[in-house]
There are 2 protein chains.
Amino acid sequence: METAQESLRSKNIRPSIQRVRILDYLKTRKNHPTVDTIYTDLFPQIPTLSRTTVYNTLEMLKENGLVISLDFGDGSLHYDADTSPHIHFECEKCKHIYDVFVAPDDIKKKLPAGFSLSRTQLYAFGTCAKCDKNAK
Amino acid sequence: METAQESLRSKNIRPSIQRVRILDYLKTRKNHPTVDTIYTDLFPQIPTLSRTTVYNTLEMLKENGLVISLDFGDGSLHYDADTSPHIHFECEKCKHIYDVFVAPDDIKKKLPAGFSLSRTQLYAFGTCAKCDKNAK
DNA sequence: GTGTCTGCAAACGATTTGCAAATTA
DNA sequence: TAATTTGCAAATCGTTTGCAGACAC
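These lines cover the structure that appears in this document, whether it is placed above or below.

The rules we used
- Counting starts from 1 at the beginning of each chain's written sequence and moves along it residue by residue.
- Both sets of labels track the order of writing: A upward for chains, 1 upward for ligands.
- Per-residue local features of the predicted model are confined to residues with pLDDT of at least 70, and side-chain atom pairs are confined, for both listing and counting, to 80 or more; whole-chain, interface and lining totals are unaffected and use all residues.
- Derived side-chain values reflect all non-hydrogen atoms in the structure, with water molecules and hydrogen atoms excluded from consideration.
- Copy-to-copy superposition: least squares on the C-alpha atoms, limited to residues that have pLDDT of at least 70 in both copies.
- Pairing of aromatic rings covers Phe, Tyr and Trp, the last through its six-membered ring, and needs centres within 6.5 Å; plane angles under 30 degrees mean stacked, over 60 mean edge-to-face, and all others mean tilted.
- Exposed residues in this analysis have more than 50% of their type's maximum accessible area, buried residues have under 20%, and partly exposed residues fall in between, with area computed by a 1.4 Å probe over protein chains only.
- Among buried residues, the Ala, Val, Leu, Ile, Met, Phe, Trp, Tyr and Cys ones that are joined through side-chain atoms within 4.5 Å form a nonpolar core.
- Put simply, DSSP H or I for four residues or longer makes a helix, DSSP E for two residues or longer makes a strand, and each gets a number counted from the N terminus.
- Contact criterion: two residues are considered in contact whenever any of their non-hydrogen atoms come within 4.5 Å of each other.
- By the convention used here, strands pair only if DSSP detects at least 2 bridges between them.
- Note on definitions: salt bridges are taken to be side-chain nitrogens of Lys or Arg within 4 Å of carboxyl oxygens of Asp or Glu.
- The length a helix should cover is 1.5 Å for every residue beyond the first.
- The arc in question is the one spanned by the directions pointing from the helix axis to the C-beta atoms.
- Note on terminology: near, applied to a residue and a molecule or strand, indicates that one of the residue's heavy atoms is within 4 Å of it.
- Identification of polar contacts relies on pairs of N or O atoms within 3.5 Å, with a donor-acceptor requirement for protein atoms, meaning one able to donate a hydrogen and the other able to accept it, and with residues adjacent in sequence counted only if both atoms are side-chain atoms.
- When two cysteine sulfur atoms are found within 2.5 Å, that pair is recorded as a disulfide.

1. Details of the relation of the copies chain B and chain A
Reasoning step 1: Superposition record for chain B on chain A: RMSD 0.1 Å, screw rotation 180 degrees, translation along axis 0.0 Å. Within this description, the copies of the chain are treated as partners about a two-fold rotation axis. Relative to the rotation axis, the closest C-alpha in chain B is found at B:Leu122, a distance of 2.2 Å.

2. Considerations on the packing of aromatic side chains
Reasoning step 1: Inspection of every chain in the model, using the stated rule, returns 13 aromatic pairs over all chains.
Reasoning step 2: Where B:Phe89 meets B:Tyr98, the ring centres are 6.4 Å apart and the plane angle is 65 degrees; that geometry is what we call edge-to-face. B:Tyr98 shares its class with B:Phe89; the two are buried.
Reasoning step 3: Cluster of aromatic residues (ring-pair linked, three or more members): A:Phe72, A:Tyr123, A:Phe125, B:Phe72, B:Tyr123 and B:Phe125.

3. Quick notes on the nonpolar core
Reasoning step 1: Core analysis: the largest hydrophobic core is formed by 26 residues, its most contacted members being A:Ile87, A:Phe89, B:Ile87 and B:Phe89.
Reasoning step 2: If you list the elements that add at least two residues to this core, you get strand S3 (87-91), strand S4 (97-100) and strand S5 (116-127) of chain A together with strand S3 (87-91), strand S4 (97-100) and strand S5 (116-127) of chain B.
Reasoning step 3: Setting aside anything within four residues of it in sequence, one finds B:Ile87 in contact with A:Ile107, B:Tyr98, B:Asp99, B:Val100, B:Val102, B:Leu122 and B:Ala124.

4. Thoughts on the pairing of S3(A)
Residue and element names in this part refer to chain A.
Reasoning step 1: Within S3, 5 of the 5 residues are buried, which leaves the element mostly enclosed by the surrounding structure.
Reasoning step 2: With 4 bridges joining them, S3 and S4 adopt antiparallel strand pairing. The partner of Phe 89 across the bridge, within S4, is Tyr 98.
Reasoning step 3: Linkage of S3 to S4, two consecutive antiparallel strands, is achieved through a turn of 5 residues, within which Lys 95 is found at a positive phi near 65 degrees.
Reasoning step 4: Two strands pair when backbone bridges link them, and S3 and S5 are joined in this way by 4 bridges, in the parallel orientation. Residue pairing in the sheet places His 88 in a bridge with Tyr 123 of S5.

5. Thoughts on the pattern of salt bridges
It is possible for side chains bearing opposite charge to pair when their charged atoms get close.
Reasoning step 1: As enumerated under the stated definition, the model contains 6 salt bridges over all chains in all.
Reasoning step 2: Across the pair A:Asp41 and A:Arg29 runs a salt bridge, and its minimum N-O distance is 3.4 Å. Here A:Asp41 is found in helix H3 (residues 35-42), whereas its partner A:Arg29 is found in helix H2 (residues 17-29), with 12 residues between them in sequence.
Reasoning step 3: Assessed through its relative accessible area of 43%, A:Arg29 is described here as partly exposed.
Reasoning step 4: In this structure, B:Asp36 and B:Arg51 form a salt bridge, with 2.1 Å as the shortest nitrogen-oxygen distance. Of this pair, B:Asp36 sits in helix H3 (residues 35-42) while B:Arg51 sits in helix H4 (residues 51-63), and the two are 15 residues apart along the sequence.
Reasoning step 5: Accessibility expressed as a relative area gives 37% for B:Arg51, which makes it partly exposed.

6. Considerations on H4(B)
All names here are of chain B.
Reasoning step 1: Taking 1.5 Å per residue, 13 residues should reach 18 Å; H4 reaches 18 Å between its end C-alpha atoms and fits that length.
Reasoning step 2: Those residues of H4 that fall on the buried side of the exposure criterion are Val 54, Thr 57, Leu 58, Met 60 and Leu 61. One side of H4 holds all its buried residues, which, seen down the axis, span an arc of 165 degrees.
Reasoning step 3: Packed against the buried residues of H4 are helix H1 (4-10), helix H2 (17-29), H3 and strand S2 (78-80).
Reasoning step 4: Looking at the residues trailing H4, positive phi occurs at Gly 65, about 75 degrees.

7. A word on the protein's contact with DNA strand D
Reasoning step 1: Close contacts around DNA strand D come from 14 residues, with A:Ser16, A:Thr48, A:Ser50, A:Thr53 and B:Tyr55 the closest.
Reasoning step 2: Sugar and phosphate atoms form 78% of the subset of DNA strand D atoms that lie within 4 Å of the protein.
Reasoning step 3: With respect to DNA strand D, the side chain of A:Gln18 contributes an N or O atom lying 3.3 Å from a sugar or linking oxygen.
Reasoning step 4: A distance of 2.9 Å is found between a phosphate oxygen of DNA strand D and a side-chain nitrogen or oxygen belonging to A:Thr53.

8. Let's talk about the state of the cysteines
Reasoning step 1: By the definition in use, this model includes 0 disulfides over all chains.
Reasoning step 2: Distance from the sulfur of A:Cys131, which forms no disulfide, to the nearest cysteine sulfur (A:Cys94) is 3.7 Å.
Reasoning step 3: A:Cys131 gets classed as buried once you look at its relative accessible area, which sits at 14%.
Reasoning step 4: The structure places no disulfide on B:Cys91, whose sulfur is separated from the nearest cysteine sulfur, that of B:Cys94, by 3.7 Å.

Shown next, in the form of structure tokens:
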């Protein structure tokens, strides 16, 4: 897999320390973090980091197609550096987000004539195996 | 189709004027409105209406399964009184939300063992036929 | 009358904006 | 040093909360 530095260079984005660390964080942890999670986790390593920079950086990475944002309706956006099409399953008990790597339905074929598709997002909600087991 | 009054009664929800009008608005217009749209449109008819009541009512209707909320990432929630499974397509140009009545993928079968599903939401983004035509 | 519902005003919290200082090519 | 990037502080805006008065059974 491409390193964060390589990804940034390929898009002609200056690889500042903040940008590399934020993208690297997303690529390695795969934990669908929010701005606040990223900020809290990176702050010890980058003591001058500000939330504004995290917001700016993520917005820019998103515009460049390096990350996608996910909205589970909990009030803040989550980010994912895996831009391949997959389904996001959120456990309603533990709130963990699971990636389900299944090619989603071919919506394109089902749209009315004249409609063109740029992107889809499929969210699933329920209970994960871990929480299901604990409940018994 | 059930009237708003009937729907409320079937769930043992007191059919106050505000509740009936809000649910009726959603059932008849099918325009996927936000709280603000509902408030603005109903205010002339109910001059004492407050945004708080619209929020309270929608939350309660949602808990009772009479409406669903949709999040297109534009900063505010949209509401829909059609709770049957269908896809929401937002045109990125005119921002209109289209209902695509296609049974979505059977995600249930594709989840790992032990996972149970309560609800899915499929959002699609692109260009609608109207905007596509105008662009030519 | 007693419990429920409404709606005002204030609080909240995620995100955005303006701008000056710091950084980098 | 000129252009870009960062980050503080304040503003913004959708939503929530506390509570007092209005309403319904």
